[in-house]
Amino acid sequence: AAFGGEIKEEDIPRWRSVFDLDRLIWAFDGELPVATAAAHTFQLTVPGGELPAAGVTFVGVLPSHRRRGILRQLMRHQLDDVRGRGEPLAILWASEAPIYGRFGYGLAARAMFMDAERSSVSFRAPSRPTGSVRLVPLEEAGGVLPDIYDRVRRETPGMFGRTEAWWSALRLADPEHERRGGGPLFCSVIDLDGSPEAYALYRLEGSWEGGIPRGKLQIREALGTTPEATREIWRFLFGVDLVERVKGWALPVDHPLQLMLADTRRLHLTVGDGLWLRLVDLPAALRARSYAEHASLVLGVDDAFCEWNTGTWRLDVAAAGAEVTRANGEPDLRLTIEDLASTYLGAFTFADLARAGRVEETTEGAIARADELFRTSRAPWCPEVF
Ligand SMILES: CC(C)(COP(=O)(O)OP(=O)(O)OC[C@H]1O[C@@H](n2cnc3c(N)ncnc32)[C@H](O)[C@@H]1OP(=O)(O)O)[C@@H](O)C(=O)NCCC(=O)NCCS
């Protein structure tokens, strides 16, 4: 009811198979359940590794009970629980962007949306396809896709690991009532030298006008392990017949397609917010990621909702790894926990924050030093809303 939709009886077993029931929080008004919040137990890729993260979801308050502080209480309870479980991070997709900043979540991966004119898409050299493509029945996709996904995931900050249940209950699920006017979900796989290297999950929304096909191809997910594999799966998608527009959702903002095509403008790209991240245990989170340089930095961090992170933190990066300790005296930079989250996976630089007036440089050159340390080679990407 909070989202204005309904969960069908037949969906319950699917949801049960992926939910940690002991992480489901309820708020009651007397006997009446009025709000929920839940969390998945994820492993999230961060620069240089991966670490446990709570995947916050199912947050809703009945319209009859909104704006009385119930969400705030749910967030309090949940973040204390996440901390107790020893998960250094929490992540989520926000239904509305202004909701979660007050709880310390910062925009940590942007998402790109595509509404391409199929007939105007052409690839730069090499113009001839390589490898081969095959349609894989959804029942068999679970045996092929996870390996490709995992190879991409391990290199991409912002992606999380999927269990077998997750694949079958969510990513490969295709209940008719969720098709929204489209046809069934298809899976295509690209083989290069006999090895599966890319896949796409997509559906067609057929439409005709005066005898002319004006279909839409809606992409659920498309990814490849190498530049060639990525190029070939997208070449396949842009080649599907009877389609006028190709629509992609939650693509990475540095998608290589932008440099693969002759006319990128015809992709009609827009950028929005994607994954939101909270540093629940600041020292553990900073220790766990990799850095591009060996150097030190002292951060003054303000965390109004999780006070245990507030203070001055010294980050020392050496060959043996990163050390994070409490420090005294003046920090090099001052910022909020929300802003630090925006730099954590590499979505924004400290210079970006400075241009937005969101970080204070107290030691000259500290912003440049922070950016050298935190530099990553690719934009973070979370391909799936959960
Ligand atoms: C969003 C939602 C969970 C908020 O619940 P709530 O109990 O009304 O929120 P609270 O009363 O605890 O508000 C906490 C703070 O968030 C703010 N806030 C709440 N909803 C907001 C919204 N949609 N946009 C901006 N700010 C919002 C409140 O103003 C309040 O601000 P304050 O801390 O400055 O006082 C609820 O309105 C809802 O269920 N909406 C529909 C479903 C949804 O969008 N869920 C979120 C999924 S990601």
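Refer to the preceding data block for the structure.
Residues numbered from 1 in each chain as written. Predicted model: local features only at pLDDT ≥ 70, side-chain atom pairs only at ≥ 80, totals over all residues. Heavy atoms only, no water.

(A) Representation of unusual backbone geometry within the structure. Phi at Arg67 is positive, roughly 55 degrees, even though this residue is not glycine. Locating Arg67 in the fold gives a position in the loop between strand E3 (49-61) and helix H2 (70-84). Residue class for Arg67 comes out exposed when judged on its relative accessible area of 70%. With a phi angle near 50 degrees, His268 is a residue other than glycine that sits in the positive phi range. (Helix = DSSP H or I, 4+ residues; strand = E, 2+ residues; numbered from the N terminus. Buried < 20%, exposed > 50% of the residue type's maximum accessible area, 1.4 Å probe, protein only.)

(B) Spatial organisation of the pairing of strand E15 (residues 311-318). Sheet topology note: the strand E14 (residues 296-302)/E15 ladder contains 6 bridges and is antiparallel. Residue pairing in the sheet places Ser296 in a bridge with Asp316 of E15. Where E15 and strand E16 (residues 321-326) come together, 6 bridges link them in antiparallel fashion. By the bridge assignment for E16, Ala318 is matched with Gly321. Taking the residues between adjacent antiparallel strands as the criterion, E15 and E16 are bridged by 2 residues. (Pairing = 2+ DSSP bridges.)

(C) How the structure looks around the site of the ligand. Neighbouring residues of the ligand: 20 residues in total, closest Val61, Arg67, Gly69, Arg72 and Ser95. A distance of 3.4 Å separates an oxygen atom of the ligand from a polar atom in the backbone of Ile70. A distance of 3.0 Å separates a nitrogen atom of the ligand from a polar atom in the side chain of Glu96. Burial of the ligand by the protein chains amounts to 76% of its free accessible area of 900 Å². Contributing elements (two or more residues each) for the shell around the ligand: E3 and H2. In terms of residue class, the shell around the ligand is made up of 11 nonpolar, 3 polar and 6 charged. (Near = heavy atom within 4 Å. Polar contact = N/O pair within 3.5 Å; in protein donor to acceptor, adjacent residues only side chain to side chain. Areas by Shrake-Rupley, 256 points an atom, 1.4 Å probe, with all protein chains shown as cover. Nonpolar A, V, L, I, M, F, W, Y, C, P; charged D, E, K, R; others polar.)

(D) Region of interest: the packing of aromatic side chains. One pass over the full model with this rule turns up 21 aromatic pairs. For the pair Tyr100 and Tyr105, a centre-to-centre distance of 5.7 Å together with 75 degrees between the ring planes defines the contact as edge-to-face. Look at Phe113 and Trp249: their rings are 5.3 Å apart centre to centre, the planes differ by 75 degrees, and that puts the pair in the edge-to-face class. With Phe113 in strand E5 (residues 106-117) and Trp249 in strand E12 (residues 243-251), this residue pair connects regions lying 136 residues apart in the sequence. Put simply, the rings of Phe42, Phe160, Trp166 and Phe386 touch in pairs and so form one group of aromatic residues. Geometry around Trp308 places Arg83 over its ring, the cationic atom sitting 4.0 Å from the centre. Between the NZ or CZ atom of Arg162 and the centre of the ring of Tyr149, over which it lies, the distance is 3.8 Å. (Phe/Tyr/Trp six-rings, centres within 6.5 Å; stacked < 30°, edge-to-face > 60°. Lys NZ or Arg CZ within 6 Å of the ring centre and 35° of its normal.)

(E) Empty space enclosed by the protein, seen in detail. Applying the stated criterion across every chain, the model contains 1 cavity of 30 Å³ or more. Its boundaries defined by the atoms lining it, the largest cavity holds a volume of some 60 Å³. Together, Ile219, Arg220, Glu221, Ala222, Trp234, Trp249, Ala250, Leu251, Trp381 and Pro383 line the largest cavity. If you list the elements that add at least two residues to the lining of the largest cavity, you get strand E11 (215-224) and E12. (1 Å grid on protein atoms, 1.4 Å probe; cavity = no way out; pocket = protein on both sides within 12 Å on 5 of 7 lines; lining within 4 Å. Points joined across faces, edges and corners; volume = space filled by probe spheres on them.)

(F) Region of the structure containing the sheet that holds strand E18 (residues 360-361). In spatial order, the strands read E16-E15-E14-E17-E18; together these 5 strands make up an open sheet with mixed pairing. Two strands close off the open sheet at either side, each with one partner strand: E16 and E18. Together, E14 and strand E17 (333-336) form the strand contacts of helix H8 (residues 337-344), whose direction differs from that of E17 by roughly 100 degrees. Each of E14, E15, E17 and E18 is contacted by helix H10 (residues 366-374), which is oriented at about 105 degrees to E14, the strand it contacts most. (Contact = heavy atoms within 4.5 Å. Axes fitted to C-alpha atoms, helices over the stretch in contact; angles between N-to-C directions.)

(G) How the structure looks around the pattern of salt bridges. In total, this model carries 36 salt bridges according to the counting rule given. One salt bridge connects Arg151 with Glu197, and the closest N-O pair in it is separated by 2.6 Å. You can see Arg151 sitting in helix H4 (residues 145-153) and its partner Glu197 sitting in strand E8 (residues 195-205), a full 46 residues away along the chain. Take Arg151: its relative accessible area is 28%, and that puts it in the partly exposed class. (Salt bridge = Lys/Arg side-chain N within 4 Å of Asp/Glu carboxyl O.)

(H) Structural detail: the nonpolar core. In this structure, Leu44, Leu89, Leu277, Leu333, Tyr344, Phe350 and Phe386 are the most contacted members of the largest nonpolar core, which totals 52 residues. Tallying contributions element by element places H10 first for this core, with 5 residues. Excluding its chain neighbours within four sequence positions, the residues that come into contact with Leu277 are Leu44, Leu89, Ala90, Ile91, Gly104, Tyr105, Gly106, Ala108, Ala341, Tyr344 and Leu345. Counting 28 residues, the second-largest nonpolar core is a separate cluster that includes Ala200, Leu217, Ala229 and Val253. (Core = buried A, V, L, I, M, F, W, Y, C linked by side-chain atoms within 4.5 Å.)

(I) Fine view of the sheet that holds strand E1 (residues 25-29). An order of E1-E2-E3-E4-E13-E5-E12-E11-E8-E7-E6 is seen for the 11 strands of this open sheet, with the pairing classed as mixed. Each edge of the open sheet carries a strand with a single partner, namely E1 and strand E6 (132-135). Taking the axes of each pair of neighbouring strands and ignoring which way they run, one obtains an average angle of 25 degrees across the sheet. Strands E1, strand E2 (32-46), E3, strand E4 (89-93) and strand E13 (269-279) of the sheet are contacted by H2, whose axis makes an angle of about 40 degrees with E2. The sheet strands contacting H4 are E2, E3, strand E7 (186-192), E8 and E11, and the helix crosses E8 at an angle near 105 degrees.

These values are about where atoms sit, not about what they do.
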